[in-house]
Amino acid sequence: MHTLTGFSLVSLLSFGYLSWDWAKPSLVADGPGEAGEQPSAAPPQPPHIIFILTDDQGYHDVGYHGSDIETPTLDRLAAKGVKLENYYIQPICTPSRSQLLTGRYQIHTGLQHSIIRPQQPNCLPLDQVTLPQKLQEAGYSTHMVGKWHLGFYRKECLPTRRGFDTFLGSLTGNVDYYTYDNCDGPGVCGFDLHEGENVAWGLSGQYSTMLYAQRASHILASHSPQRPLFLYVAFQAVHTPLQSPREYLYRYRTMGNVARRKYAAMVTCMDEAVRNITWALKRYGFYNNSVIIFSSDNGGQTFSGGSNWPLRGRKGTYWEGGVRGLGFVHSPLLKRKQRTSRALMHITDWYPTLVGLAGGTTSAADGLDGYNVWPAISEGRASPRTEILHNIDPLYNHAQHGSLEGGFGIWNTAVQAAIRVGEWKLLTGDPGYGDWIPPQTLATFPGSWWNLERMASVRQAVWLFNISADPYEREDLAGQRPDVVRTLLARLAEYNRTAIPVRYPAENPRAHPDFNGGAWGPWASDEEEEEEEGRARSFSRGRRKKKCKICKLRSFFRKLNTRLMSQRI
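Residues numbered from 1 in each chain as written. Predicted model: local features only at pLDDT ≥ 70, side-chain atom pairs only at ≥ 80, totals over all residues. Heavy atoms only, no water.

As recorded in an unreviewed UniProt entry, the chain goes by ARSI isoform 1 and comes from Pongo abelii. Here is the UniProt Cofactor (unreviewed entry) comment for the chain, exactly as written: "Ca(2+)". Comment text from UniProt for the chain, heading Sequence similarities (unreviewed entry), reads "Belongs to the sulfatase family." (UniProt positions renumbered as here; feature names shortened; annotations may be inferred.)

Below, the structure written as C-alpha cells:
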C-alpha cells in the first residue's frame, strides 16, 4: 500500500470551516499588494511554489487582454507581477501537462498524438523523472489538486506514484462539475473523483472549482511555512461541460450568447478561487516567500464560449490561438515587477526553472527540452530559448496537398508539424481550423459573419509567418521566402530524428468502470500487461500466414476511430 501523508478524507470532512462561505470575497483582503503586505526580504529558504493551471481558457478571456469577462484577481496579480506575452503551450490537454511535468517535448515522450483516453493502456512514461519528484529530492512537500489527465491504467501511473505526496482530483480529462461522472462513449460512464488512490464518493455534489480551492487552502492551513511547498492546482475550469453556480451566471444575464454567458460565469468563479488561494497564502505565512505561476493549458474552445481573439485558430490547432498561452508570474521575490515580458518561453521551461528555484540541479543527461528562464522573468534578461518545436504528429490526418517534393525533398509536408525559430513560424500538413473568430457576444450571427474570416485556401500544406511582425498570422510568406522555409523544414527533420515512436494504443474494454465498482481507475497490473503482450505476439506468429478479412477490417476501423477521435478533440 502506497503511503500517503497529509490528511485523509475523514479529516477533510471534519473541518467545519471547509466551505466556500468561509473564504467568500467579501470576507477576504481586497487582493494582493494591499493592506497587510510586508516588504520582501531575501528568502531564508527555497521559495514555496504555487502553480495554477486552467483548462481551455482562451487568450482573450482575461480582463487585462480586454475581455468582457470579469477577472479582477488575475488582473491584479498580473499587474503587480510579470505578464508573459510571448509564452507558448500545447493545443490540447495531455500534451501541455506532460511537457510541464517532464520538461520534454511530446516527440521525446511518445505522446505526440492526441490525448490519453480513459480506456487506453497508456500514461506518462514511467522511466522519466517528473517535476514533483525532482522537487521532493530538493526537500519539498508536494501536493496536487485538480485534473491529472496523464493516464491511470496502472497504479504506477497515478499522481501519488509520480511525485505527489497527496492528490485530490480527477484522473480523466472531462467530468461533470458536480457529480464527477465522465462518459467515454455511449454507456461507458463512471465516477471520477479521487482522494489519493481511493475513490472519493463522499465529495460528490460540490462544485469542483470551489472544492479544489478549498483543498488548496486546507493544505496551506495544515502545512508549516518552514518547509518548502510545491502546490499544483490544475483547475477543471473552464473545460466543458459548461456548468456554473447560479450566482455567477446572474452577473452575465445580459450577455446574449448562452454558451458565452455560462463560460464567463465559470471564468469569474475560477478567478475568485484564485483569490481565495492567494489570501490563504498570506494568512498562513507563505506569501512573502512564494512564487505564484498562472498558466492556461491550451487555447480556448470557441464553439463552447471561449475566445482567442484577435489570434487565429482555437483549441486543437497549431495556429497562435491554439498555442499562445495566458501566463504570468506573481511573487515578492521578483527583482523587476509590474512589467510585461516578451521573452520567448514554452511550458517545458517550467521544469528546469522551478528545479533551479528549489535549489536543485538539472543536466544534459536529463534530456530536457526546457530552459531555466527565471533570469528572464525576474530580471528582464534575454531568454535562453530561441526556438520552439510545437509538435510533429505523424498519425494525424495527412494533408491531401502535401508531399516530400513540396518540402524540397527535406520534409513530407503532408505531416502535421509546427515550429518556431526566432521570429519565424512554419506549419506543415493540416494545422487545424484556421479561422479568426471574434467573441461570440450575441445570441446568433448571420451567415455572412461566419464566412467573413474563414480560411480561404485548402490546397496548401506549408505556411510561413513572421510572428513578431504578424502575430495574427494574416500574411503567409511561404511563397516569398523559400529560403526560410527550407531552413525550418531542415530543422523539423533534425528534430524528427530524435523522436521516439508514438504511443497511442488501442482501447481496452477492461478499463470499463463497471469492472471497477463504477469508477474510473487503474485496471492493469505488470503481470497482466506482460501476459497480454505475450498473447498478442503468439497470436501474431500463429496467424502470420492467414491474413483474414476480419483482421483487415479491425485494422481499418482502428485507423478510422483514431481519425474520428482526433477530429472530435
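Continuing now.
(A) Region of interest: the overall build of the chain. Within the chain one finds 14 helices and 18 strands. Relative to its full complement of 569 residues, the chain shows a buried share of 58%. Here the contacts in the chain between residues at least 6 apart in sequence split such that 76% fall between residues at least 24 apart. Accessible surface, the chain as shown: approximately 23000 Å² in total, 52% of it carbon and sulfur. (Helix = DSSP H or I, 4+ residues; strand = E, 2+ residues; numbered from the N terminus. Buried < 20%, exposed > 50% of the residue type's maximum accessible area, 1.4 Å probe, protein only. Contact = heavy atoms within 4.5 Å. Areas by Shrake-Rupley, 256 points an atom, 1.4 Å probe, with all protein chains shown as cover.)

(B) Quick peek at the nonpolar core. Counting residues in each nonpolar core, the largest one holds 54 residues, and the members touching the most others are Ile-52, Leu-193, Leu-220, Leu-231, Phe-235 and Met-270. At the level of secondary structure, the elements contributing two or more residues to this core comprise β1 (48-54), α2 (72-79), α5 (208-221), β10 (229-234), α7 (258-283) and β11 (290-296). Leu-231 has contacts with Ile-49, Ile-50, Phe-51, His-143, Val-145, Ala-216, Ile-219 and Leu-220, leaving out every residue within four places of it along the chain. Listed in part, the 44 residues of the second largest apolar core include Val-82, Leu-111, Val-291 and Leu-333. (Core = buried A, V, L, I, M, F, W, Y, C linked by side-chain atoms within 4.5 Å.)

(C) Representation of the packing of α2 against α7 in the model. In contact at an axis separation of 7 Å, α2 and α7 are set at 55° when each is read in the N-to-C sense. By the criterion of interaxial angle, the relationship of α2 to α7 is oblique. Residue-level inspection shows Pro-72, Thr-73, Leu-74, Arg-76 and Leu-77 of α2 in contact with α7, the latter providing Met-270, Asp-271, Val-274, Arg-275 and Thr-278. In the contact of α2 with α7, the residues fall into five nonpolar, two polar and three charged. (Axes fitted to C-alpha atoms, helices over the stretch in contact; angles between N-to-C directions. Parallel < 35°, antiparallel > 145°, perpendicular 65-115°, else oblique. Nonpolar A, V, L, I, M, F, W, Y, C, P; charged D, E, K, R; others polar.)

(D) Here's a closer look at the packing of aromatic side chains. Scanning the entire structure with this criterion turns up 14 aromatic pairs. Seen from their ring centres, Tyr-153 and Trp-523 are 6.0 Å apart, and the 50° between their planes marks the pair as tilted. Separated by 370 residues along the polypeptide, Tyr-153 in the loop between β4 (141-147) and β5 (166-170) and Trp-523 in the loop between α12 (482-496) and α13 (526-542) bring together distant segments of the chain. The burial state of Tyr-153 is the same as that of Trp-523; both residues are buried. Taking 5.6 Å as the distance between ring centres and 80° as the angle between the ring planes, the aromatic pair formed by Trp-319 and Trp-463 counts as edge-to-face. In this pair, Trp-319 is assigned in the loop between β11 and α8 (320-323) and Trp-463 in strand β18 (residues 462-466), connecting sequence segments 144 residues apart. Judged by its relative accessible area of 0%, Trp-319 falls in the buried class. The class for Trp-463 is buried, based on a relative accessible area of 5%. (Phe/Tyr/Trp six-rings, centres within 6.5 Å; stacked < 30°, edge-to-face > 60°.)

(E) Looking closely at unusual backbone geometry. The omega angle of the peptide bond from Thr-240 to Pro-241 is 5°, so this bond is cis rather than trans. Counting through the fold element by element, Pro-241 comes out in the loop between β10 and α6 (246-251). A cis amide bond, omega 5°, links Trp-309 with the succeeding residue Pro-310. Note that Pro-310 resides in the loop between β11 and α8.

(F) Quick peek at α5. Look at α5: 20 Å from first C-alpha to last across 14 residues, which is about the 20 Å you get at 1.5 Å a residue. Of all 14 residues in α5, 13 are buried, a share of seventy percent or more. (Expected span 1.5 Å × (residues − 1).)

(G) Highlighting α2. All buried positions along α2 are accounted for by Thr-73, Leu-74, Arg-76, Leu-77 and Ala-78. In the core, the buried residues of α2 are packed alongside β2 (82-84), α7, β11 and β12 (327-330).

(H) How the structure looks around the pattern of salt bridges. The final tally for this structure, using the stated rule, is 22 salt bridges. The shortest N-O distance in the salt bridge between Glu-379 and Lys-335 comes to 3.7 Å. Residue Glu-379 is found in the loop between α10 (374-378) and β15 (387-393), and its partner Lys-335 is found in the loop between β12 and β13 (339-341); the two are separated by 44 residues along the sequence. We classify Lys-335 as exposed; its relative accessible area is 63%. Here Glu-473 makes a salt bridge to Lys-425, at a shortest N to O gap of 2.9 Å. (Salt bridge = Lys/Arg side-chain N within 4 Å of Asp/Glu carboxyl O.)

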